[in-house]
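One letter stands for each residue in the lines below.
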Amino acid sequence: MSNGTRKLLQGNASCVHGALYAGMRFFAGYPITPSTEIAEVSSRELPRVGGKFIQMEDEIGSIAAIIGASIAGSKVMTGTSGPGYSLMVENIGYAYMSETPVVVVNVQRGGPSTGLPTKVSQSDTQQARWGPHGDYTAIAIAPSTVEDTLTETIRAFNLAERFRTPVTVLLDEVIGHSRAMVKIPEEGEYEIINRVKATSSPEEFEAFEMTPNLISPMPAYGEGYRYNVSGLTHDTHGFPTNRADEIPIKLNKLRDKIMNYVDEITKLRVEFMDDADIAIISYGSVSRTALQAASIARQAGFKVGCIQLCTIWPFPEKEIKALCENCSKIIVGELNMGQIVEEVRKVISDDKEIHTLQRYDSEILTPMQMLEKLEEVL
Amino acid sequence: MTTATKPKQKSDVFHQYLRPKKKFPNVWCPGCGIGIVMGAFIRAIDKLGLSKDEVVLVSGIGCSSRFPVYLDFNSLHTTHGRALPFATGVKFSRPDLKVIVITGDGDALAIGGNHFIHACRRNIDITAILINNHIYGMTGGQGSPTTPSEAFSTTTPYGNVEKHFEPCDLAAAAGASYVARGTVYHAVQLEKAITQAIENRGFSLVEAISNCHTYFGRLNRKGDGLAMIQSFKDRAVPVARAGKMSEEELEDKLVIGKLHTTGATEFCDEYQKVIDAHKEK
């Protein structure tokens, strides 16, 4: 697809075009509603740019294949929905441990289990943080519109490559299946970040070297470095270790390489917050509901503002605290039984009222419902 | 150095491929057959003249899956049962690399069974060396998909009531284009099978029958490592001779050698044709 043009795209297709712009050249996936179009569009577009698409036997195989391809030097992605993401979490954990850049898109539907295949939900928000077992720090981002999906997928690739880590893109059924006019960016319009390549000689190369910014250079297999990659806790050379003095070095690295740069990962979209007394905190498709409700409330003279979490994980604690400092009331709107409101409670002082607006009956939150909530808490 | 004037020993070849930075000893029990498979593999690589940089070793979890860590190649030690899909990603992304999977009977046929048949079906150019010791060694002797009926393990204390898989039959039926069986007694034949498997452009399986005297041998009164390896010699029948034997005569025998080949097209080659036809100029 030629750059600079405008196209009518579905959210799932917009995601693929963002990925291609970012340099995705390998996709492995398995059909699952409501994400399947991500695989379909990838299967059509990738050979056109010399890339590779493979439909694996399941989601476990899909995530395994993209990790293998990433270590072999490709920029990679997979797309799935809740049940598929659940199958992937084992190897997403492997990607955390092996510090492999991968982008995993979860087009959320209702759960648990098979749940509601064709219906919207945001109930995998905490799973994106705590899916795999063990200690690690996750990055997850949540686009709110079809156009946003393209640019945020580019950002997901940049974060994955820069921090050598999995990045989860949390879409939902409404965004995935909505259609809108999307501008395919011109070449050079967005910065593209690629993983740091090794510059040392193979003899001096230390696969998981503790560099000043904690990002170890990552050569591809076949480039002469012949290093060991393992899901076992390993030393800086990549070899399994049980040593009490080496284990925390690895685990601290997985946290600090991200948390030391949290300000560069955090992204919020803030509207009408300058003088707001009530803040609506939301993410994903609910942010559109919040914005419309706040606009109507503003016209009626109420001081309502919106905070949209574009990056959900790491949770933007500092920013939420500062933005809500002069608010007396906060409404957290989400399509689940309260997965982000608990994070808000952790950072907001007790003197502020925190209200929830939750919907988990498979329908979207409407601006009217948000206005009713505003009326209730005023 | 006086060694420089000595003729090249087999052990010199071996040491040339061990990781210089890896601290030995290895995890395997004394007398384990996995080291013999590793030796056969190294000689095959050496004979084929492959560079260390172009070889990628991928493994899952289990005793056999520790093998790649000790060798000086690109090595990917993955999660239990998932070596083949990881290897599929490596190979499909970089078809110029030689991708070899080291796996075991539990890793490949139980938790990884689905990946195994689909890797065979795609006929992707990966060589899988399946070290079959008929038991889970690393976790302490539990029954595996190749544990024979009635055999004892720590999870079949009254004898196994299940049937077992024949990995070679499974691979051939699923579409693998090269299938061979060897044993750790027949190290030279094993090296030949591994060589042929790597040379085959397509999915290749080499089943290497090995001994776990620590668990399978002890629980089933098969004796020590040496006695078990000796039994492989006694039970082995070359494939050519097996063709002339009756089913009764082949009972409890191990048919060794090249069992199955096809001329099927290879997955990465076929996909490259798609790219060549559809890539935007």
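Treat the numbers as computed from the prediction; the structure is a model and nothing was measured.

Asks: Describe unusual backbone geometry, listing the residues and the values that go with them.
Replies: Cis geometry is found at the peptide bond from Gly111 of chain A to Pro112 of chain A, where omega equals 0°. For the bond from Trp313 of chain A to Pro314 of chain A, the omega torsion is -5°, close enough to zero to count as cis. In this structure, Pro314 of chain A sits in the loop between strand S14 (311–313) and helix H11 (317–323). Non-glycine residue Glu150 of chain B carries a positive phi angle of around 75°. Relative to the elements of secondary structure, Glu150 of chain B occurs in the loop between strand S4 (126–132) and helix H6 (167–174). For Glu150 of chain B, a relative accessible area of 65% corresponds to the exposed category. Of note, the phi angle at Arg221 of chain B is positive, near 50°, even though the residue is not glycine. Note that Arg221 of chain B resides in the loop between helix H8 (213–219) and helix H9 (225–235).

Asks: Help me get a handle on the sheet that holds strand S11 (residues 268–271) of chain A, residues and values and all.
Replies: To summarise the sheet geometry, strands pair through backbone hydrogen bonds and adopt either a parallel or an antiparallel arrangement. Residues and elements named next belong to chain A. The five strands lie next to each other as S11-S13-S12-S15-S16, forming an open sheet whose pairing is mixed. Strands at the two margins of the open sheet, each flanked by one partner only, are S11 and strand S16 (353–358). For this sheet, the mean inter-axis angle between neighbouring strands, taken without regard to orientation, is 20°. As paired strands, strand S12 (residues 278–282) and strand S15 (residues 329–334) are joined by four bridges and run parallel to one another. Within S15, the position partnered with Ile278 by the bridge is Lys329. Contacting S11, S12, strand S13 (304–309) and S15, helix H10 (residues 286–299) crosses the sheet at an angle of about 165° to S13.

Asks: Explain the domain arrangement of chain A to me, using residue names and the numbers behind them.
Replies: All names here are of chain A. What the domain assignment lists for chain A is domain 1 (6–183) and domain 2 (269–377). Computed over C-alpha atoms, the centres of domain 1 and domain 2 are 26 Å apart. Contact residues are listed per partner, giving 26 residues for domain 1 and 23 residues for domain 2. Overall, the association of domain 1 and domain 2 removes approximately 1,900 Å² of surface from exposure, summing both partners, and the carbon and sulfur fraction of that is 51%. Counting the contacts that link domain 1 with domain 2 gives two salt bridges. A salt bridge links Arg269 to Asp148; the nearest nitrogen and oxygen atoms lie 2.9 Å apart. The interface formed by domain 1 and domain 2 holds 17 residue pairs in polar contact (both at pLDDT 80 or more) in total.

Analysis parameters
Residues numbered from 1 in each chain as written. Chains lettered and ligands numbered in written order. Predicted model: local features only at pLDDT ≥ 70, side-chain atom pairs only at ≥ 80, totals over all residues. Heavy atoms only, no water. Helix = DSSP H or I, 4+ residues; strand = E, 2+ residues; numbered from the N terminus. Buried < 20%, exposed > 50% of the residue type's maximum accessible area, 1.4 Å probe, protein only. Pairing = 2+ DSSP bridges. Axes fitted to C-alpha atoms, helices over the stretch in contact; angles between N-to-C directions. Contact = heavy atoms within 4.5 Å. Domains from an automatic or database assignment. Buried area = accessible area lost by both parts, 1.4 Å probe. Salt bridge = Lys/Arg side-chain N within 4 Å of Asp/Glu carboxyl O. Polar contact = N/O pair within 3.5 Å; in protein donor to acceptor, adjacent residues only side chain to side chain.

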